[in-house]
Amino acid sequence: YSDVDIMFLHDGSLAPERVESFAQKLLYFLWDLRLDVGYSVRTIADCIEMAAADTTVKTALMDCRLLTGHPPLFEALHKTVFSQILTKSSDSFIKQKIAEMKKRREKYGDTIYLLEPNIKEGEGGLRDLQTALWVTRVKFKFNDPRELIVKGIISEEELEVYRSALDHLWRLRNELHFHTRRKSDQIN
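Quick caveat: nothing in here was measured; it's all calculated off a predicted structure.

A. Looking closely at the overall build of the chain. In terms of regular secondary structure, the chain is built from eight helices and two strands. Each principal axis of the C-alpha distribution contributes one length, and for the chain these read about 55 × 45 × 30 Å. Here the chain, with 188 residues, has 35% of them falling under the buried criterion. A separation threshold of at least 6 residues defines the contact pool for the chain, and within that pool the share at least 24 residues apart is 59%. Counting only carbon and sulfur atoms, one obtains 55% of the accessible surface of the chain, whose full area is about 12,300 Å².

B. The arrangement of helix H6 (residues 126-140) in detail. Its 15 residues give H6 an end-to-end C-alpha distance of 21 Å, which sits within 8% of 21 Å, the value for a rise of 1.5 Å per residue. Taken together, the buried positions of H6 are Leu 126, Arg 127, Asp 128, Leu 129, Gln 130, Thr 131, Trp 134, Val 135, Arg 137 and Val 138. Contact partners of the buried residues in H6: helix H3 (55-63), helix H4 (71-85), helix H5 (90-108) and helix H8 (156-180). Phi turns positive, to about 50°, at Lys 141, one or two residues after H6.

C. Representation of the packing of H3 against H4. Interhelical geometry of H3 versus H4 gives an angle of 135° and a closest axis separation of 9 Å. Comparing their axes, H4 and H3 come out oblique. Our pair here, H3 against H4, has a crossing hand that is left-handed. For the pair H3 and H4, contact is made by Lys 58, Leu 61 and Met 62 and by Leu 77, Val 81 and Ile 85, respectively. Counted by class, the contact of H3 with H4 contains five nonpolar, no polar and one charged residues.

D. Seen up close, the nonpolar core. With 17 residues, the main nonpolar core has Leu 61, Met 62, Val 81 and Leu 86 as its most contacted residues. Sorting the residues of this core by element identifies helix H2 (44-53), H3, H4, H5 and H6 as the ones contributing at least two each. The biggest single contributor to this core is H4, with five residues. Sequence-distant contacts of Leu 86, defined by excluding residues within four places in its chain, comprise Met 62, Val 81, Val 138 and Lys 141. In this structure, Leu 126, Leu 129, Leu 169 and Leu 176 belong to the second largest nonpolar core, which totals seven residues.

E. Focus on the packing of aromatic side chains. Summed over the entire model, instances satisfying the criterion amount to three aromatic pairs. On the basis of an interplanar angle of 75° and a centroid distance of 6.4 Å, the ring pair of Phe 8 and Tyr 39 is categorised as edge-to-face. Of this pair, Phe 8 sits in strand E1 (residues 4-9) while Tyr 39 sits in strand E2 (residues 37-42), and the two are 31 residues apart along the sequence. Ring geometry for Tyr 28 against Trp 31: centres 5.6 Å apart, planes inclined by 65°, an arrangement best described as edge-to-face. Here Tyr 28 and its partner Trp 31 are both found in helix H1 (residues 16-32), three residues apart, which amounts to about one turn of the helix. Three or more aromatic residues link up through ring pairs in this structure, and these residues are Phe 8, Phe 22 and Tyr 39.

F. Geometry of the pairing of E1. By the bridge criterion, six bridges tie E1 to E2 in an arrangement that is parallel. Across the sheet, residue Met 7 finds its bridge partner in E2, namely Ser 40. Crossover handedness for the path E1 to H1 to E2: right-handed.

G. Quick peek at the side chain of Ser 40. Mapped onto the secondary structure, Ser 40 falls in strand E2. Not counting residues within four places of it along the chain, the set of residues in contact with Ser 40 comprises Ile 6, Met 7 and Phe 8.

What counts, and at which threshold
Residues numbered from 1 in each chain as written. Predicted model: local features only at pLDDT ≥ 70, side-chain atom pairs only at ≥ 80, totals over all residues. Heavy atoms only, no water. Helix = DSSP H or I, 4+ residues; strand = E, 2+ residues; numbered from the N terminus. Buried < 20%, exposed > 50% of the residue type's maximum accessible area, 1.4 Å probe, protein only. Contact = heavy atoms within 4.5 Å. Areas by Shrake-Rupley, 256 points an atom, 1.4 Å probe, with all protein chains shown as cover. Expected span 1.5 Å × (residues − 1). Axes fitted to C-alpha atoms, helices over the stretch in contact; angles between N-to-C directions. Parallel < 35°, antiparallel > 145°, perpendicular 65-115°, else oblique. Left-handed = near helix turned anticlockwise from the far one by under 90°. Nonpolar A, V, L, I, M, F, W, Y, C, P; charged D, E, K, R; others polar. Core = buried A, V, L, I, M, F, W, Y, C linked by side-chain atoms within 4.5 Å. Phe/Tyr/Trp six-rings, centres within 6.5 Å; stacked < 30°, edge-to-face > 60°. Pairing = 2+ DSSP bridges. Right-handed = clockwise from strand over helix to strand, strands pointing away.

Okay, structure coming up:
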């Protein structure tokens, strides 16, 4: 019951209307399946421009995965994200993410002892673990978190604790969605 965000990445060789038309056809199919889909149609240049103005776009680009399409185009985007987008104003990005985390904690509770915690937004929740990874990626420039072990930043045990906590929270959130038959991040 979570939303799905899809980016239709193209190289600009086709008319934007053709790419948009293709995207619309696929989106209608997904909406008919009752999926909550957000989407964008972009070139790599569009991604660079939007990421410069919005940290949410930067984090989405860090997490993007190729579902289908032209792997060399996706690899070019991936290289651009790490060579151009994340290297610019990394200190500012980290400060913004920490400020966002503080705002979330004010809204959803700043203690792990809440009776009805929010699995996604609450302290120690999914968003905190994602923020830790995003900030670390910007600071230490890596693709795979195992690179942090090689660089001596964390131990294998610490990475396993992180992954285990993340897996636990994802499974708990998915179970909440299945149990309530709707998007639900609050344990009650």
